[in-house]
Amino acid sequence: MKEIPKTHPRYASLITREKISQAVKNGIVHETGLIAHGRGEAFDYLLGEKTLPQADMAEKVSTAALLCAKSPVISVNGNVVALVAEDCISLADIIPAKIEVNLFHRTKKRIEKISKELSNYGAKKVYGQKADAKIPGLEHSRSLCDREGIYSADVVLVPLEDGDRSQALRKMGKTVIAIDLNPLSRTARSANITVIDNVTRAIPNIKKWGYKLKNFNKNELQALIEMWDNENNLRDMVSYISKRLNSLF
Ligand code: PTJ
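In this text, all values refer to a predicted model and were calculated from it rather than measured experimentally.

A. Structural detail: the site of the ligand. Close to the ligand lie 24 residues; Phe 104, His 105, Arg 110, Asp 180 and Asn 198 are nearest. A distance of 2.8 Å separates an oxygen atom of the ligand from a polar atom in the backbone of Phe 104. Contact with the protein chains covers 93% of the free accessible surface of the ligand, which is 750 Å². If you list the elements that add at least two residues to the shell around the ligand, you get helix H2 (32–47) and helix H4 (78–94). At six residues, H2 tops the list of elements feeding residues into the shell around the ligand.

Rendered as structure tokens:
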């Protein structure tokens, strides 16, 4: 990896870029994953590159939904594995939840590479290779999923999504938790709970909430979920961005 001095004012951002760039070379991230990352960076810049209190709350509620689920699944793609593979695995252990690889640019080789990467980081079982079921209403490869994984899940965490799958998952009656830095995206607007935060901060924070909320009783967790108003959450985020921009000049 390219040497980046720790004193560089954009050290964290440059390290993340290096990780994504390396993962493109290793065949884990699709080349268009670079474009998706750039769009994410732009929104993160507008948010001030930090977890806002509203995002922290969304992360808490997401954790509650995962803990209350009967069959929760964390769906991962190339970018997610390049950035937060280890945190996804430990989050899956805490909940406990299944991990499934689900790709837009799906090839057998990429599925194998990403699954192997997760296994190398310690994942005990990775779903997504069987692809013995289909999410109805989707014409592309993201429809392919495992019957024992996403297809039969009641709650699906979709960090860094590409749009219509979260709507299709909702139509199947599932609860969708999305992590997306863009509060205007279709994914953000169609999920039950949208975390407007960078996956690099969101997954570790959901993990932290996992340790805290694990001992809460189900009624307390259910109350948190019922109180959540996702539309309000998105409105708050957009309003935060516009106020912040107005206050800068
Ligand atoms: O690995 P594959 O084949 O499944 O392909 C994955 C990509 C990312 C290429 C595919 O899902 C895609 O094209 O995604 P989009 O439509 O560009 O959407 C990605 C969304 O994620 C955008 O709304 C970005 O703002 C957001 N995003 C990008 N990086 C991050 C992010 N959100 C949170 N954290 C990030 N680090």
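There is more to say after this.
B. Representation of the packing of H4 against helix H8 (residues 199–213). The N-to-C vectors of H4 and H8 enclose an angle of 20°; their axes lie 9 Å apart at closest approach. Taken together, H4 and H8 sit at an angle that is classed as roughly parallel. Considering how the two elements wind past one another, H4 and H8 form a crossing that is left-handed. Residues Leu 83, Val 84, Asp 87, Cys 88, Ser 90, Leu 91 and Ile 94 of H4 pack against Val 199, Thr 200, Ile 203, Pro 204, Ile 206, Lys 207, Gly 210 and Tyr 211 of H8. Grouping the constituent residues of the contact of H4 with H8 by class yields 10 nonpolar, three polar and two charged.

C. Representation of the nonpolar core in the model. Counting 49 residues, the largest nonpolar core has Ile 74, Val 76, Val 101, Leu 118, Leu 157, Ile 179 and Ile 203 as its most contacted members. At 10 residues, H4 tops the list of elements feeding residues into this core. Beyond its immediate chain neighbours, meaning those up to four positions away, Ile 203 contacts Val 84, Asp 87, Cys 88, Leu 91, Leu 157, Pro 159 and Ile 179. Membership of the second largest hydrophobic core comes to 14 residues, among which are Val 73, Ala 133, Leu 138 and Ala 178.

D. Molecular detail of unusual backbone geometry. For the bond from Ile 95 to Pro 96, the omega torsion is -10°, close enough to zero to count as cis. Within the secondary structure, Pro 96 is located in the loop between H4 and strand S2 (98–101). Its identity is not glycine, yet Ala 131 carries a phi of approximately 45°, on the positive side. Mapped onto the elements, Ala 131 comes out in the loop between strand S3 (126–127) and strand S4 (133–134). By relative accessible area, Ala 131 is classed as partly exposed at 23%. The residue Leu 160 is not glycine, and still its phi comes out positive at about 60°. Inspection of the secondary structure puts Leu 160 in the loop between strand S6 (155–159) and helix H6 (164–171).

E. Summary view of the packing of aromatic side chains. By the definition in use, this model includes zero aromatic pairs. Just above the ring of Trp 209 sits the side chain of Lys 208; from NZ or CZ to the centre is 4.8 Å. The positively charged end of Lys 212 is found above the aromatic ring belonging to Trp 209, 4.9 Å away from the centroid.

F. Region of the structure containing the sheet that holds strand S8 (residues 193–195). The sheet built from six strands is open, its strands ordered S3-S2-S1-S6-S7-S8 with parallel pairing. Both edges of this open sheet fall to S3 and S8, since each of them pairs with a single strand only. One ladder, built from four bridges, connects strand S1 (residues 72–76) with S2; its direction is parallel. Among the inter-strand pairings, Ile 74 is bridged to a residue of S2, identified as Ile 99.

G. Region of interest: helix H5 (residues 108–120). The end-to-end C-alpha distance of H5, which contains 13 residues, comes to 18 Å, matching closely the 18 Å that a straight helix rising 1.5 Å per residue would cover. If you follow the buried residues of H5, they end up packed against S1, H4, S2 and S3.

H. Quick look at the environment of Asn 233. Within the secondary structure layout, Asn 233 lies in helix H10 (residues 230–248). Residue class for Asn 233 comes out buried when judged on its relative accessible area of 0%. Along the backbone, Asn 233 and Gln 54 are 179 residues apart, and their C-alpha atoms lie at a distance of 7.0 Å. Contacts of Asn 233, omitting those with residues within four sequence positions, involve Gln 54, Thr 194 and Trp 228.

How each quantity is defined
- Residues numbered from 1 in each chain as written.
- Predicted model: local features only at pLDDT ≥ 70, side-chain atom pairs only at ≥ 80, totals over all residues.
- Heavy atoms only, no water.
- Near = heavy atom within 4 Å.
- Polar contact = N/O pair within 3.5 Å; in protein donor to acceptor, adjacent residues only side chain to side chain.
- Areas by Shrake-Rupley, 256 points an atom, 1.4 Å probe, with all protein chains shown as cover.
- Helix = DSSP H or I, 4+ residues; strand = E, 2+ residues; numbered from the N terminus.
- Axes fitted to C-alpha atoms, helices over the stretch in contact; angles between N-to-C directions.
- Parallel < 35°, antiparallel > 145°, perpendicular 65-115°, else oblique.
- Left-handed = near helix turned anticlockwise from the far one by under 90°.
- Contact = heavy atoms within 4.5 Å.
- Nonpolar A, V, L, I, M, F, W, Y, C, P; charged D, E, K, R; others polar.
- Core = buried A, V, L, I, M, F, W, Y, C linked by side-chain atoms within 4.5 Å.
- Buried < 20%, exposed > 50% of the residue type's maximum accessible area, 1.4 Å probe, protein only.
- Phe/Tyr/Trp six-rings, centres within 6.5 Å; stacked < 30°, edge-to-face > 60°.
- Lys NZ or Arg CZ within 6 Å of the ring centre and 35° of its normal.
- Pairing = 2+ DSSP bridges.
- Expected span 1.5 Å × (residues − 1).

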